[in-house]
Structure formats: C-alpha cells, structure tokens
Amino acid sequence: MIQHEQVTNHLMTPTASDFFAGKCPRCGQGKVFVSSNPFNIRKMAAMHEHCDHCNLEFSPETGFYWGATYMSYAITVAFSCFTFAISTVAFGFMNSLSLNYVLVNGILLVLLSPVFFRFSRLSWLWIFYKRG
Ligand SMILES: [Zn+2]
C-alpha cells in the first residue's frame with residue numbers, strides 16, 4: 001500500500017503553484033532551493049543537487065543555468081512593462097516617461113532581484129524538465 005502511494009505521488013503532474021513554490025518540475029514535490037526565502041542572500045543561489053522525492057538532477061551539466069540569463073532578461077522586461085502600465089494608468093503617459101518612473105522601477109528591480117533570480121533559474125529548469 002505504501003509503495004502504491006509513493007508511485008502515485010511520483011506521477012503527480014506539477015502545477016503552476018508548484019512552480020511559484022520552487023518545487024521540482026518533474027514531480028512537484030521536492031524543493032529546488034535550499035532556503036525557501038529568496039531574500040536570505042547567503043543561501044539565495046543554493047540549490048539541492050537532486051530532488052529528494054524523484055531524484056531529478058537539478059544541475060545536469062556545467063553551465064546549465066547560463067541560459068537562465070535569457071529568462072532573467074525576459075522577466076525584468078515584463079516586470080518593467082507591467083510597472084510602466086501601472087504608472088501610466090495612475091499618473092498618465094507623459095509622467096510615466098519621467099526620471100521618477102525610471103528611478104522607482106530601478107529600485108524595485110534591485111529589491112526584487114533575488115526573486116527574479118530564482119524565477120529565472122526555475123523557469124529554465126521547468127522548460128527542460130516539465131513533464132508533458
Ligand atoms: Zn522531483
């Protein structure tokens with residue numbers, strides 16, 4: 001009976017909430033990062049080598065996460081478009097083109113960079129290992 005439950009858990013399809021929770025892309029159970037708090041700067045980039053549930057290797061080859069820089073770029077551009085849209089609705093289009101928007105958006109990007117860092121690595125990992 002226990003073996004049957006383990007097999008069923010192993011085959012669960014990961015969901016979007018598993019992605020945002022930093023879970024394994026194959027089983028949706030094991031945690032990818034050592035610390036669940038991305039603002040813990042000392043452990044921000046620390047990742048488990050394998051999924052503790054399905055044993056998926058999280059760093060399959062040297063330099064695997066170089067591609068995550070493209071994801072980081074896409075995430076920061078999408079975030080900046082989002083904040084620009086909010087600024088345009090709140091303060092008007094011409095005011096959104098001001099230096100104030102650039103400064104506020106830049107500060108937000110720096111403050112949220114640990115979150116973007118993790119999402120870029122997670123999205124890169126999920127692109128390659130998401131069960132179809
Ligand atoms: Zn797993």
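Just so you know, the residues in each chain are numbered from 1, in the order the chain's sequence is written. Since the coordinates come from a predicted model, pLDDT governs what is reported: local features require at least 70, and pairs of side-chain atoms require 80 or more to be given and counted, while whole-chain, interface and lining totals use all residues.

Caption draft 1: Highlighting the overall build of the protein chain. Numbering goes from the N terminus for both helices and strands, where a helix is a DSSP run of H or I of at least four residues and a strand is a run of E of at least two. Summing up its helical and strand segments, the protein chain has six helices and zero strands in all. By the compact-globule yardstick of 14 Å for 132 residues, the protein chain is too spread out, its C-alpha radius of gyration being 18 Å. Its C-alpha atoms give the protein chain principal-axis dimensions of roughly 65 × 30 × 25 Å. Partly exposed residues are those whose C-beta has more than 12 but fewer than 20 other C-beta atoms within 10 Å; 20 or more makes a residue buried and 12 or fewer makes it exposed, with C-beta atoms placed from the backbone. Evaluated residue by residue, the protein chain yields a buried proportion of 14% over its 132 residues. Here the globule rule is a power law, 2.2 Å times the number of residues to the power 0.38, and the radius of gyration is based on C-alpha atoms.

Caption draft 2: Spatial organisation of the nonpolar core. By our criterion, buried Ala, Val, Leu, Ile, Met, Phe, Trp, Tyr and Cys residues that link up through C-beta atoms within 7 Å make up a nonpolar core. Counting residues in each nonpolar core, the largest one holds 13 residues, and the members touching the most others are Cys24, Val32, Cys51, Phe58, Leu122, Trp124 and Leu125. Every element with two or more residues in this core is listed here: helix 3 (68-91) and helix 6 (113-129). Take this core: its biggest share by element is five residues, from helix 6. Two residues form a contact once the distance between their C-beta atoms, set from the backbone, is within 7 Å. Residues within four places of Val32 in sequence aside, it is in contact with Gly22, Lys23, Cys24, Met47, His48, Phe58, Leu122 and Leu125.

Caption draft 3: Local environment of helix 6. If you check helix 6, its first and last C-alpha atoms are 24 Å apart, about what 17 residues at 1.5 Å a residue would give, namely 24 Å. Every buried residue belonging to helix 6 is among Phe119, Ser120, Arg121, Leu122, Trp124, Leu125 and Trp126, and all of these are buried. An expected span of 1.5 Å times one less than the residue number is assigned to each helix.

Caption draft 4: Representation of unusual backbone geometry in the model. The backbone of Asn55 shows a phi angle near 70°, a positive value even though the residue is not glycine. Checked against the element boundaries, Asn55 lands in the loop between helix 2 (16-20) and helix 3. Take Asn55: there are 13 C-beta atoms within 10 Å of it, and that puts it in the partly exposed class.

Caption draft 5: Summary view of helix 5 (residues 99-111). When the terminal C-alpha atoms of helix 5 are compared, their 18 Å separation across 13 residues agrees well with the 18 Å that a helix rising 1.5 Å per residue should span. In terms of residue burial, helix 5 counts as a barely covered element, since only zero of its 13 residues are buried.

Caption draft 6: Main features of the packing of helix 3 against helix 5. Axis lines are fitted through C-alpha atoms, for helices just across the contact stretch, and the angle between N-to-C directions can take any value from 0 to 180 degrees. Two numbers describe how helix 3 lies on helix 5: the axes approach to 11 Å, and their chain directions differ by 135°. Classified by the interaxial angle, the pair formed by helix 3 and helix 5 is oblique. The two elements helix 3 and helix 5 meet at a crossing, and its hand is right-handed. Residues Thr76, Ser80, Thr83, Phe84 and Ser87 of helix 3 form the contact with helix 5, whose own contacting residues are Tyr101, Asn105, Leu108 and Leu109. Each residue gets one of three labels, nonpolar for Ala, Val, Leu, Ile, Met, Phe, Trp, Tyr, Cys and Pro, charged for Asp, Glu, Lys and Arg, and polar for the others, Gly among them. Along the lines of polarity and charge, the residues of the contact of helix 3 with helix 5 split into four nonpolar, five polar and no charged. Oblique is the label for any angle not under 35 degrees, not over 145, and not in the 65 to 115 range, which are roughly parallel, roughly antiparallel and roughly perpendicular in turn. Helix crossings fall into two classes, left-handed where the near helix is turned counterclockwise from the far one by less than a right angle and right-handed where it is turned clockwise.

Caption draft 7: Local environment of the environment of Tyr129. On the secondary structure map, Tyr129 appears in helix 6. Note: C-alpha distance between Tyr129 and Ala45 (84 residues apart in sequence) is 19 Å. Other than its neighbours up to four places away in sequence, Tyr129 contacts Pro25, Arg26 and Leu56.

Caption draft 8: Region of interest: the confidence of the model for the protein chain. When pLDDT is averaged along the protein chain, the result is 88, and 90% of the positions lie at 70 or above. By definition, pLDDT measures how confident the predictor is in each residue, and it falls between 0 and 100. Within the protein chain, no element has a lower average pLDDT than helix 1 (residues 2-10), which sits at 48, and none a higher one than helix 3, at 95. Residue range residues 1-5 is modelled with pLDDT below 50. Its contacts to residues more than four positions away, or to other chains, number zero contacts.

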